[in-house]
Amino acid sequence: MIHDKDYIIRIVKQFSEFLTKMIIGGNNEGDPDELQRIFETNMNDTFKMNFEELSSKSVEEITSFIEEKDASHYIPFFELLGNLFFFKNKENPQSDWAEKAQKFYELYLQKSGIFSMPIISRINELKK
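Worth saying up front: this structure is predicted, and the values here are computed from it rather than measured.

For the rest of this paragraph, the subject is helix H4 (residues 59-67). By the burial criterion, the buried members of H4 are Val59, Ile62, Thr63 and Ile66. An end-on view of H4 places all buried positions within 100° of arc, on one side of the element. The elements touched by buried residues of H4 are helix H3 (51-55), helix H5 (74-91) and helix H6 (95-112).

Of the volumes computed, that of the largest pocket is approximately 160 Å³. Secondary-structure elements contributing two or more residues to the lining of the largest pocket are helix H1 (2-25) and helix H2 (32-47). When residues in the lining of the largest pocket are grouped by element, the largest group, four residues, is from H1. Grouping the constituent residues of the lining of the largest pocket by class yields seven nonpolar, one polar and three charged.

Next up on the list: the pattern of salt bridges. A full pass over the atoms with the stated rule returns four salt bridges. With a closest N to O distance of 3.6 Å, Glu125 and Lys90 form a salt bridge. Residue Glu125 is found in helix H7 (residues 117-127), and its partner Lys90 is found in helix H5; the two are separated by 35 residues along the sequence. Exposure remark for Glu125: the relative accessible area of 41% places this residue in the partly exposed category. Residue class for Lys90 comes out partly exposed when judged on its relative accessible area of 45%. With a shortest N-O distance of 3.2 Å, Lys100 and Asp96 are connected by a salt bridge. Of this pair, Lys100 and Asp96 both sit in helix H6, four residues apart, which is roughly one turn of the helix. Its relative accessible area of 34% is what places Asp96 among the partly exposed residues.

Criteria and cut-off values
Residues numbered from 1 in each chain as written. Predicted model: local features only at pLDDT ≥ 70, side-chain atom pairs only at ≥ 80, totals over all residues. Heavy atoms only, no water. Buried < 20%, exposed > 50% of the residue type's maximum accessible area, 1.4 Å probe, protein only. Helix = DSSP H or I, 4+ residues; strand = E, 2+ residues; numbered from the N terminus. Arc of directions from axis to C-beta. Contact = heavy atoms within 4.5 Å. 1 Å grid on protein atoms, 1.4 Å probe; cavity = no way out; pocket = protein on both sides within 12 Å on 5 of 7 lines; lining within 4 Å. Points joined across faces, edges and corners; volume = space filled by probe spheres on them. Nonpolar A, V, L, I, M, F, W, Y, C, P; charged D, E, K, R; others polar. Salt bridge = Lys/Arg side-chain N within 4 Å of Asp/Glu carboxyl O.

This is the structure in structure tokens:
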């Protein structure tokens, strides 16, 4: 059981780090097909669905999905979801994705109690 929890957190954190690198570095680094394959693999490993399925759900539905998990998973998942919707919104701006990114970043800050200047900067960028 402990190994299962560690595995889930490791997958979530790796996906979040991948998205952070994509946000900061852009899509210019690496083969686009390979990056897309990595993205899709991470989506499936983490959420057991593709981005289109996840993005069609409301913030409340996604939050309920996260809250069904172990409480220690909330913070990494909210950070990941913020990064995910922020990244996808940068690729293809959509107000729904921007709102979701902002909401999940706010939940991350609230639940973690961490003051994160990069996250606050992203929230401010989403509000523009």
